[in-house]
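# Chains, contacts and geometry: an overview
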Amino acid sequence: MKRIQNIGLVIFLIGLSLFTGTIFTGSFHLSPSALDAFIMEKGYQNEIIKTELTKAFVKDDPLTIFEFSDRVRHAYEVANNHYDLLIAQYDDEKNWDKKGEQYQYKIYGKPHTLSFDLAKIAGKGYVKAHAGLMWMLTFGLGILGSLLFILPNLILLGKAGIKNDGIYLKASTNRGWIAWLVLIYLVSFYLLLYFMPDYVVNWTFIVDPISLFLNGGPASQWFVYGFLYCTIMVVMALRMYIKYRGNKYQVMRTTSVLFFQIVFAFLIPEIMTSLNMPGYDFKNAFPLDYDFFFDWNLDDLRNSGSIGLFILIWGIVLTLVIVPVMVYFFGKRWYCSWVCGCGGLAETLGDPYRQHSDKSLHAWKLERWLIHAILVFSLVMTLVTLYCYFTGSPSFLGIHSQWIKDSYSFLIGAWFAGVIGTGFYPIFGNRVWCRFGCPLAAYMGIVQRFKSRFRITTNGGQCISCGNCSTYCEQGIDVRAYAQKGENIVRSSCVGCGICSAVCPRGVLKLENGPEKGRINPTDILLGNNIDLIQLVNKREK
Amino acid sequence: MKHIVIIGNGISGVTAARHIRKNSKNQITLVSGEAPYFFSRTALMYVYMGHMEFKQTQPYENWFWAKNKINLKQGFVNRIDTDNNCIFFEDNTSISYDQLVIASGSKTNKFGWPGQDSKGVIGLYHKQDLEQLEQFAPNNQVCKHAIIVGGGLIGIELAEMLRSRNIPVTFLVREKSFWNDVLPDRESEMINKHIKEHHVDLRLSTQLREIKANTSGQVTSVIIEETGEEIFCDVVGLTAGVSPNIDFVKDSNIVTGRGIKVNRFLETNISNIYAIGDCAEQQEPMGERKAIEAVWYTGRMMGETLAQTICNHRTAYHPGHWFNSAKFFDIEYQTYGWVWAKPKENEARFYWGHKNGKMCIHLNYDKNTHEFIGINNFGIRMRHAFFDKVLTKKKSVSYVLAHLSDANFDPEFYKKYASEIVSKFNQENNTSIELKKKSWKRIFSEA
Ligand SMILES: Cc1cc2nc3c(=O)[nH]c(=O)nc-3n(C[C@H](O)[C@H](O)[C@H](O)COP(=O)(O)OP(=O)(O)OC[C@H]3O[C@@H](n4cnc5c(N)ncnc54)[C@H](O)[C@@H]3O)c2cc1C
Ligand code: SF4
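None of the values given here were measured: they were computed from a predicted structure. (Residues numbered from 1 in each chain as written. Chains lettered and ligands numbered in written order. Predicted model: local features only at pLDDT ≥ 70, side-chain atom pairs only at ≥ 80, totals over all residues. Heavy atoms only, no water.)

### What about the domain arrangement of chain B?
When the parts of a complex come together, some accessible area is lost, and that lost area is often used as the size of the interface. Residue and element names in this part refer to chain B. Here the domain parsing of chain B yields domain 1 (3-107 + 243-310), domain 2 (121-240) and domain 3 (323-446). Summarising the inter-unit geometry, the C-alpha centres of domain 2 and domain 3 are found 33 Å apart. Taken residue by residue, the interface counts 21 residues in domain 2 and 19 residues in domain 3. Taking both partners together, domain 2 and domain 3 bury about 1,800 Å²; carbon and sulfur atoms supply 68% of that area. (Domains from an automatic or database assignment. Contact = heavy atoms within 4.5 Å. Buried area = accessible area lost by both parts, 1.4 Å probe.)

What follows is the structure in structure tokens.
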């Protein structure tokens, strides 16, 4: 059995290496006619870009993606520089008309994105030509290897029960060298994905056929990400099923997040795109879905007829009505641990790292500051955006709309939610984003803390302060601090994953929804002692 | 302002300190030789098994003590001078006190077996024991075989620990079935099976005669009393119970028996000295309780109670209904009220077991009045508050059965067995108890 696992590991690593290796393959060349067509399609008014790009590609030597990217970005720079200089010049001359004219010639968007778009057309090579085979060698081997690694645990781990043996003894799960390697890989992955998508254009070639089948178009880097996301979740969900097979709550919850990721986050938007509708993830609630009220999205929805209108209304109702009502009845777990995609990845890929969340009081303070600050940030951004959208002015309250959107997308959307949120799993634990960053979690947390039926009930005086619950709380809640006082756990950050209840060796914790009265029950003397003393002291404290 | 010195930073000493702090401005010094900060002894196993790091067994962050003005003093006390209100440490330094609380816990029992002090013979009580275990049984290369002597709760935990590192274990149990002096036969038998399922070589009705060591004093084998069989091993775990850790008290004027003798107010014979937790021995045991109860919960309750007395609100220790819990490998166990190994004269029993052999409940009630006396539940979690109320209100066994859904504390979506249990009871006793639907109102209604 161990042999099979080792073989699986090797196969997985081969798949991963091939996947990574594809980045360096292929050659990129653009014919003048293809270039013309591209520029036409984009509608660039810029004169220089065409000459610059033509210059970049005249030499017939095949380029690697890195050289290709260099040249495109150079062309981009030169082309824009030209007009920037003119702008500066007219500015000096105070020739406002002329100055204003120049803006239409500028090329907007990120240089790496332009390079990606061009590379998509320009790419040739083995990967592109043999997408199916390459899929087998990368995704296929990765999946096969993982399964060979994971499935034997059904036998190796023995009978159903808590399977945390050795977590703090292994380099992979105890912040050892393996964990650091995983961190570096994940962080690099996100940096490429968000900031240098052209470098990983070969990955899109691997899944082009799948994308074509699902939405009728070639794959973008986001398609790769979505597909990979689902694949990883499926594989790691199998791991969850095996690890927690004695615990029905975990099995149901895992199935639920898997379903919502695959169907709602992945399939439905793809199919909608293929039907010429805006691809929308119906479960992705604002303000987690921070660009819902961005002008391009609103325009898109308004131009999409009745489905667009439906999405607009649904999105608003989801955030304002469904989310708080569901949190009232079930706690925010209904979203964070049963529906959400970020939560879904955290609970599958991230499960081996859940113990790394910081339980200190210090971290709790930081959490409250940070998450609420981001909630405010997202709301201010939306307010500014909406004001500008409806009035047409570029700024509101002295805040430039484009600037605040870009800042949020960059700092929160890309860096916090992606690079740090997922990249740092192996060291900081699997819910860094959900705990410190997610504005939707902050919003639901406020409802959960003050107006909800959900709580984790502490079973009288049964706690032995062992600390398993706190250790495995991915949200860094010091569960034991409440349990050992006989107090129920009512915390805004609790995502109701149910692991504290699972790992507790004394049956102390139960997630449940019940009447609000008695939900918060500060106690000084625990059940089990003299009843008169309990009453006396607990009254005195109140 | 008085100076309260507490010897022992276990659950009882720490609980006392916390509650004294809540209720007074007294100066508090918490003394321990074992570890600078309070940790949960019950979690030692999880450290070895790699579920937790040692620092995670500490329920309070290190700043907690200074912030609450609880002075910590690390060192072993070896003498108490009750005439001069002074305790002395190994290094001959001393501290004087106005009131002294002894909460020194337990130590591993050793019954004078030959070779019991060899290297590789360990107990499982103190942090140092864990360090020893890590040294002598880091893996199954260094420790090719381990013997555990004594079939109680700590013994089975040690077995689980060693098995987590794939170390072959032989488990010597004196009783004819595991923990059979506490558990009724059927539960005990269920655990026997479960132990074997985890590939432990369980030897029932088997005692230790002798531990053999090589010339460098390292254990090499044990000899079985009954058969004379020699079993080779690298580690011997002694888990045949614990007894009060009070050697340093013996030479003082404080009266001791097996433990430090205390009255209902946890006062010793010396007026400003108290004893709580594992080391305290009640002069007259209360009700069905033993004079020494070496469990977590009673230590905590004594700490809660004594703090009241020290803060000028003299309160007798008067614990409520008995409860306890444990985990045997994968099987959780809870108990509320009393279920003796053997039924008493006036008692009737009802047992339900799941066919998977990992779940059962055992009810104890009065034959004549049908008053509920206690429950053992294995593999099913039950609500403490529910049974506490039932016991206080002296409800009948049929009340308990009818309200089993209120009592259940299993996680959501777990299969419920209440109706199966109730119908089995009805069948066996010709009754027609009907299971009531779970009611939040009842669950929350005041006792
Ligand atoms: C492995 C294990 C698992 C257990 N599991 C459970 C369980 O699941 N449920 C349950 O109810 N109970 C359990 N127990 C029992 C429970 O842990 C004890 O009853 C409880 O810890 C006793 O607390 P205490 O405060 O009285 O003493 P202790 O926790 O023993 O604390 C006493 C402290 O005093 C120190 N001390 C002693 N003498 C001196 C001295 N002369 N000078 C300075 N310091 C001194 C000791 O070093 C120690 O730190 C378990 C015990 C063990 C060992
Ligand atoms: S896991 Fe259970 S027994 Fe351990 S500290 Fe948490 S609530 Fe208490």
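On we go.
### Section: the domain arrangement of chain A
Split into domains, chain A comes out as domain 1 (27-123), domain 2 (164-450) and domain 3 (451-541). Centre-to-centre separation of domain 1 of chain A and domain 3 of chain A, based on C-alpha positions: 62 Å.

### Some remarks on the site of ligand 2
Residues in close proximity to ligand 2 total 13 residues, the closest being Cys463, Cys466, Gly467, Cys469 and Cys504 of chain A. Taken together, the elements giving at least two residues each to the shell around ligand 2 come down to helix H23 (468-471) and helix H24 (479-483) of chain A. (Near = heavy atom within 4 Å. Helix = DSSP H or I, 4+ residues; strand = E, 2+ residues; numbered from the N terminus.)

### A word on the environment of Val72 of chain A
Residues and elements named next belong to chain A. The residue Val72 is located in helix H4 (residues 65-92) in this model. Distance in space between the C-alpha atoms of Val72 and Lys248 is 54 Å, their sequence separation being 176 residues. Setting aside its immediate chain neighbours within four residues, Val72 contacts Leu53, Phe57, Leu114, Ser115 and Leu118.

### Points about the interface of chain A and chain B
Chain A puts 69 residues into the contact, and the matching count from chain B is 65 residues. Together chain A and chain B conceal approximately 5,300 Å² of surface at their shared face, both sides included; 48% is due to carbon and sulfur atoms. Interface area lost by chain A to chain B is led by Gln462, Arg506 and Lys510 of chain A, which between them contribute 11%. Inspection of the region where chain A meets chain B yields 5 salt bridges. At the level of elements, helix H13 (248-274), strand S5 (454-458), H23, helix H25 (499-503), strand S6 (509-513) and helix H26 (531-541) of chain A are the ones that each hand at least two residues to the side of chain A that touches chain B. When residues in the side of chain A that touches chain B are grouped by element, the largest group, 6 residues, is from H26 of chain A. Considered class by class, the residues forming the side of chain A that touches chain B number 27 nonpolar, 27 polar and 15 charged. (Salt bridge = Lys/Arg side-chain N within 4 Å of Asp/Glu carboxyl O. Nonpolar A, V, L, I, M, F, W, Y, C, P; charged D, E, K, R; others polar.)

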